[in-house]
Amino acid sequence: MQEIKFYSGENIPLELHKVRIVQKLNLVPVERRMEALYEGGFNTFKLSTRDVFLDMLTDSGTNAMSDNQVSAMLRADDAYAGSQSFERLQKAVEDVLDKKYLLPVHQGRAAENILSEAYVQKGSIIPMNYHFTTAMAHITLRGGQIAELLYDEAYVINSDHPFKGNMNLEKLEEVIQSYGPENVPFIRMEASTNLIGGQPFSMQNLRDVRAIADKYGLLLVLDASLMGENAYLIIQREEEFKNSDMATVVKLMTGLSDICYFSARKLSCSRGGGICTNNTDVYKKLQVFVPLYEGFLTYGGMSIREVEAMAVGLYEVWDETIVSQSPIFIKYLVDSLDAKGVPMVKPAGVLGAHVDAMQICSHIPQNQYPAGALAAAFFLISGVRGMERGTLSNQRDENGVEPLANMELLRLAVPRRVFTLSQLKYVEDRMAWLYQNRHLIGGLRFIEEPPVLRFFMGKLEPTSDWPQKLMAKFKEDFGDSL
Ligand SMILES: *Cc1c(COP(=O)(O)O)cnc(C)c1O
């Protein structure tokens, strides 16, 4: 894609779309933000958007749809069975993802539920580049285990490695051999590995994983939720593909997998999700679970309008201008915060900018959730809502022991085509201020801890009066500004 240069030399990202429907935002006073934190148990999932200025919690289901998507929603052919809208979606899956069978599901984790139900049992081990929270929860719920097999460089925060999401091939073979291929129902590769900062894998790595899967006769499952951006970064960073287009790279990626599943809340900027394959046996095995858990095979728990939006959104994955917008904005935010000394996960990945709470809050022990504390502190001083991705997002093991995360990150999601550059500049400004005042941030402890996916609904409290001290400093520096 051609870069657009500014005569001034200030090469800032340029929005290649115009805004035609807007939603008013509220920036509520810092005192109200403090109350909201206490009401929501210092958990950003429990805040109301009424109190949130920029919602950078997630990119799941929060992306801007195109005019073509919205107009397609109006011609939705509502039918329980045999909807023409579903036929259009199937055609899109065939054209874009090159898979002839599609099982529709209501969102990404529903695909994980069905795959785990079909393939995972006690004693199973699923090798993967890295876990995703819901993928892991579904596997462990069935008594399976995961093996995370990244290279060491994936955990280096300040790195220039282009493909930190690569699977460690030596470790993959070791795991398969030591547990036995019969206990490995599938290998899972996650495009743009979410929890390590949205970091891509290379095509060569995926090819190498495919070769190992073939050697041991194993299925390769691709989590394609963030595949559009992974494909874009392959074009940017992998020599062999620098002149390739999105359509080609996406097809090569899906072609290397036996099963490809995705959250359409990300891929295709709509809602819903899907599991697709060219393998008839796989299709038949998984098919029975769709009417059981999701809905009939031609809507899978989605509204038919979403089915139409998804079909159009899948074709838009071919457009590098559309797919690159979010990664380019993320790179801008990461590079500008990095220039101000804020420790950021580098290189910039996809889905959001990731702030290294382990360094910023090095004075907070990991069992007091430094990334969760940073998320709460940042909301307090800015109204910007991010998400903890660290120990708080982990689940306790079978003995109730809390595993400390390899990384403590505050993720500031940049939903696709939602925010403007001045809004990102506000984020940059407030985060730079918080970094200067980081010593004022303190820890958190649980007051209500759910047994599964505790980060969603758990309630916490600060371990001291640090939020009050932080607010006092904010008021000192910002006066009566919001
Ligand atoms: C978001 C996400 C999922 C889950 O998708 P939902 O639609 O939110 O359930 C699974 N895998 C990856 C890599 C994701 O980013």
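Bear in mind the structure is a predicted one, so any value in this text is a computation, not a measurement.

Conventions we followed
Residues numbered from 1 in each chain as written. Predicted model: local features only at pLDDT ≥ 70, side-chain atom pairs only at ≥ 80, totals over all residues. Heavy atoms only, no water. Helix = DSSP H or I, 4+ residues; strand = E, 2+ residues; numbered from the N terminus. Rg over C-alpha atoms; globule rule 2.2 N^0.38 Å. Buried < 20%, exposed > 50% of the residue type's maximum accessible area, 1.4 Å probe, protein only. Contact = heavy atoms within 4.5 Å. Axes fitted to C-alpha atoms, helices over the stretch in contact; angles between N-to-C directions. Parallel < 35°, antiparallel > 145°, perpendicular 65-115°, else oblique. Left-handed = near helix turned anticlockwise from the far one by under 90°. Nonpolar A, V, L, I, M, F, W, Y, C, P; charged D, E, K, R; others polar. Domains from an automatic or database assignment. Buried area = accessible area lost by both parts, 1.4 Å probe. Salt bridge = Lys/Arg side-chain N within 4 Å of Asp/Glu carboxyl O. Polar contact = N/O pair within 3.5 Å; in protein donor to acceptor, adjacent residues only side chain to side chain. UniProt positions renumbered as here; feature names shortened; annotations may be inferred. Patch = residues over 30% accessible without salt bridge, like charges linked within 9 Å, V, L, I, M, F, W, Y side chains within 5 Å. Areas by Shrake-Rupley, 256 points an atom, 1.4 Å probe, with all protein chains shown as cover. Phe/Tyr/Trp six-rings, centres within 6.5 Å; stacked < 30°, edge-to-face > 60°. Lys NZ or Arg CZ within 6 Å of the ring centre and 35° of its normal. Expected span 1.5 Å × (residues − 1). Bend = angle between axes of the 7 residues up to and from the residue.

Examining the overall build of the protein chain
In terms of helices and strands, the protein chain carries 18 helices and 12 strands. In terms of overall dimensions, the protein chain is globule-like: its C-alpha atoms have a radius of gyration of 22 Å, near the 23 Å expected for 482 residues. Across its three principal axes, the protein chain shows a C-alpha extent of roughly 65 × 55 × 45 Å. For the protein chain, with 482 residues in total, the buried portion stands at 61%. Within the protein chain, residue pairs in contact and separated by at least 24 positions form 73% of the contacts whose partners lie at least 6 positions apart.

Quick notes on the packing of helix α13 (residues 320-339) against helix α16 (residues 421-436)
Their axes nearest at 10 Å, the elements α13 and α16 cross at an angle of 30 degrees. As far as their axial angle goes, α16 and α13 are roughly parallel. For the element pair α13 and α16, the recorded crossing hand is right-handed. Residues F329, Y332, L333, S336 and L337 of α13 form the contact with α16, whose participating residues are L421, L424, K425, V427, E428, M431 and A432. Of the residues assigned to the contact of α13 with α16, the class counts are 9 nonpolar, 1 polar and 2 charged.

Section: the domain arrangement of the protein chain
Domain assignment breaks the protein chain into domain 1 (30-59 + 322-478) and domain 2 (67-318). Between domain 1 and domain 2, the C-alpha centre-to-centre distance is 27 Å. Opposite the 30 residues of domain 1 that make contact, domain 2 presents 36 residues. Interface area for domain 1 against domain 2, summed over the two sides, is near 2600 Å², with a carbon-plus-sulfur share of 61%. When residues of domain 1 are sorted by the area they lose upon contact with domain 2, V323, M407 and R416 head the list and together hold 22% of the total. Summed over the shared surface of domain 1 and domain 2, the number is 1 salt bridge. In this structure, E229 engages R416 in a salt bridge whose closest nitrogen and oxygen atoms are separated by 2.6 Å. The interface formed by domain 1 and domain 2 includes 11 residue pairs in polar contact (both at pLDDT 80 or more). Elements that contribute at least two residues to the side of domain 1 that touches domain 2 include exactly α13, β8 (352-356), β10 (409-413) and α17 (454-457). Considering only residue class, the side of domain 1 that touches domain 2 consists of 15 nonpolar, 8 polar and 7 charged.

Details of the side chain of S202
Here S202 shows up in the loop between β4 (186-190) and α7 (203-216). Other than its neighbours up to four places away in sequence, S202 contacts F163, N166, I234 and E238.

Focus on the UniProt feature "domain: Aromatic amino acid beta-eliminating lyase/threonine aldolase" (unreviewed entry) in the protein chain
Here the UniProt feature "domain: Aromatic amino acid beta-eliminating lyase/threonine aldolase" (unreviewed entry) sits at residues 55-428. Regarding residues 55-428, the helix share stands at 43% and the strand share at 12%, and the terminal C-alpha atoms are separated by 15 Å.

Overview of the pattern of salt bridges
Under the criterion given, the structure shown has 30 salt bridges. Between D55 and R385 there is a salt bridge, with the nearest N and O atoms lying 2.8 Å from each other. In this pair, D55 sits in the loop between α1 (30-39) and α2 (67-73) while R385 sits in the loop between α15 (370-382) and β9 (387-389), placing the two residues 330 residues apart along the sequence. Taking relative accessible area as the criterion, D55 reaches 22% and is therefore assigned partly exposed. Accessibility expressed as a relative area gives 6% for R385, which makes it buried. Connected via shared salt-bridge partners are R32, E35, E39 and D51.

Looking at a nonpolar patch on the surface
Taken together, the side chains of I4, L14 and L16 make up a nonpolar region of the molecular surface, amounting to roughly 260 Å² of accessible area. With respect to the helices and strands, I4 occurs in the segment before α1.

Brief notes about the packing of aromatic side chains
Tallied over the full model, the rule gives 17 aromatic pairs. Here Y38 and F42 contribute two aromatic rings whose centre-to-centre distance is 4.9 Å and whose plane-to-plane angle is 90 degrees, an arrangement assigned as edge-to-face. A centroid spacing of 4.9 Å and a plane angle of 85 degrees characterise the contact between F45 and F456, whose relative ring orientation is edge-to-face. With F45 in the loop between α1 and α2 and F456 in helix α17, this pair connects stretches of sequence that are 411 residues apart. Given a relative accessible area of 22%, F45 falls into the partly exposed group. A relative accessible area of 22% means that F456 is categorised as partly exposed. In this structure an aromatic cluster arises from ring pairing among Y38, F42 and W466. Looking at R389, its charged tip hangs above the ring of F455, at a distance of 4.9 Å from the centre. Looking at R438, its charged tip hangs above the ring of Y435, at a distance of 4.1 Å from the centre.

Here we look at α13
Helix length check: α13, at 20 residues, gives a terminal C-alpha distance of 27 Å against a target of 28 Å (1.5 Å per residue), a fit within 8%. Along its length, α13 shows its largest kink, about 30 degrees, at S326, and proline P327 lies within four residues downstream of that point. Among the residues of α13, the N-terminal cap falls to D319, whose side-chain oxygen and the backbone nitrogen of T321 are separated by 2.9 Å.

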